[in-house]
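Secondary and tertiary structure notes
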Amino acid sequence: MASAAKMKKNAPPPAPARSYLLIGALAVTGAVVLGYLVMKPKDVSIPANVTVLTADTAGFRGYVLGSDSAKIEITEYADFQCPACASFDVVQFNVVKQQLIESGLVRYRYRDFPLPIHPNSRIASHAAACANDQGKFWEMKAEIYNRQAEWASLRSAAGYLGDLAAQVGVNRGQYDECMQSAKYAGRIEASLQEGTKLGVPSTPTFLIGGQLYPGALSSDSLAAKVRRLAATPAQ
Amino acid sequence: MTNRLALAILAVAGLFISLYLWLYKLGKIGTIACGTGGCETVQLSAQSRFLGVEVALIGVLGYLVLLGLALLVLHPKYAGASWPLTWLMVLAGGAVLFTAYLKYLEFFVIHAICRWCVGSAVVIATMFGVAVVEWRRARSPNP
């Protein structure tokens, strides 16, 4: 036994060249696998369980349309996958835009409020954020809502949303890079947290003059609220 | 010699785990292969950076140094030299302590477990164990 152990101790070591070859082969295999993962077309995932950093919200409080000097601000908390939000956007929003925003009466703010029951909501929010990088948020938002029935039930909506982005004139390469980075995941979560803190009960919910109005309001109802508020003398 | 080869192989494994996690943080990998979702939680947490540096990048650099030392101790020219093995053991020991701190963060602060990080923890703990055995063997009067 002792002699066997001694023999083992005195046995010639494996040739270093062979060892280095083995390590080199492992390194090359690893590099090939990682290279494949980097080069292959990506599935995009926008995480919900993300820590909101200060940088996520610095200088950003939603997508704004309208004049800075508008007397009234409407903030909409909405979920891209919510049918009522789509209904409001498709049927009412253009009227709101023409009558209240373009007239200078209202400044409109859109905030993401992705509900956990909607699996594709965050990726849609992120797609809109990436389109916003190229100045195409409002066009992308309109298309996302217009086509909601087509992407909402997809197992992976990334490809469809990417095609929508291309259709609204977004540079696809920059958009894909933005989506793969998931860089706006924290910002989307911050928007949800802000709405939750305010007490947003459902989507869409409108914040007008410090009061929350849940539900897909009609443009007439919104206009009535805005005019009533505008007529109220400043305190 | 087998132990020394094992050290190099473990360093390569740890290096690729860290590289995978770092590439994920850079947005080059897309979805992380994890299964539980814990990897995303850990990698996107505020604790995924240490003193402003990505923990995954610290792992890449650390394993590169360990791999360099492991390749040295494997070379016949350094077979009798004690310093590369001593450094390897000391650095692996430091990495084990750092890993223990990261595990504490996962369990008690982030409340999520990243399987890849567990893999790296197993690699570095094994490396440290093997390095200690090899260091003691090298110092014994009849190696």
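Quick note: structure is the one above.
This write-up is about the structure you can find in this document. Keep in mind that this is a model prediction, so the values were computed, not measured. (Residues numbered from 1 in each chain as written. Chains lettered and ligands numbered in written order. Predicted model: local features only at pLDDT ≥ 70, side-chain atom pairs only at ≥ 80, totals over all residues.)

Another aspect to go through is the environment of Ala6(B). Residue and element names in this part refer to chain B. Here Ala6 lies in helix α1 (residues 2-25). A residue is classified by how many C-beta atoms lie within 10 Å of it, and Ala6, with 17 of them, is partly exposed. For the pair Ala6 and Ala131, spaced 125 residues apart in sequence, the C-alpha to C-alpha distance is 9.6 Å. (Helix = DSSP H or I, 4+ residues; strand = E, 2+ residues; numbered from the N terminus. Buried ≥ 20, exposed ≤ 12 C-beta atoms within 10 Å, placed from the backbone.)

We now examine the packing of α1(B) against helix α3 (residues 55-74) of chain B. What describes two packed helices is the angle between their axes and the distance between those same axes. Residue and element names in this part refer to chain B. The interhelical angle for the contact between α1 and α3, taken along N-to-C directions, is 160 degrees, at an axis separation of 8 Å. Between α1 and α3, the angle falls in the class roughly antiparallel. Handedness of the α1/α3 crossing: left-handed. When grouped by side-chain class, the residues that make up the contact of α1 with α3 number 20 nonpolar, three polar and two charged. (Axes fitted to C-alpha atoms, helices over the stretch in contact; angles between N-to-C directions. Parallel < 35°, antiparallel > 145°, perpendicular 65-115°, else oblique. Left-handed = near helix turned anticlockwise from the far one by under 90°. Nonpolar A, V, L, I, M, F, W, Y, C, P; charged D, E, K, R; others polar.)

Let us now look at unusual backbone geometry. Outside of glycine, negative phi angles account for most residues, and trans bonds account for most peptide bonds. Across the junction of Thr203(A) and Pro204(A), the peptide omega takes the value -10 degrees, indicating a cis bond. Notably, Ala182(A) is not glycine yet its phi reads approximately 55 degrees, a positive angle. Looking at where Ala182(A) falls in the secondary structure, it is placed in the loop between α9 (172-181) and α10 (185-198). For His111(B), which is not a glycine, the phi torsion comes out positive at approximately 60 degrees. Tracing the sequence through the fold places His111(B) in the loop between α4 (83-110) and α5 (115-139).

All names here are of chain A. Summarising the sheet, strand β2 (residues 72-78) and strand β4 (residues 205-208) pair through four bridges and their orientation is antiparallel. Of the residues in β4, the one forming a bridge with Ile74 is Ile208. Pairing analysis gives four bridges linking β4 to strand β5 (residues 211-214), with the strands arranged antiparallel. Considered in β5, the bridge of Phe206 is made with Tyr213. Connecting β4 to the antiparallel partner β5 that follows it, the hairpin turn spans two residues, and Gly209 within it adopts a positive phi of roughly 55 degrees. (Pairing = 2+ DSSP bridges.)

Further remarks concern the sheet that holds strand β3 (residues 106-112) of chain A. Residues and elements named next belong to chain A. Pairing is mixed in the open sheet, where five strands are placed in the order β1-β3-β2-β4-β5. Taken across any chain shown, the strands that pair with only one partner, and hence form the sheet edges, are β1 (63-65) and β5. When the angles between neighbouring strand axes are averaged without regard to direction, this sheet yields 20 degrees. Across three bridges, β1 lies against β3 in antiparallel orientation. The residue bridging Leu65 from the neighbouring strand is Tyr108, located in β3.

Remember, this is a structural readout, not a statement about activity or role.
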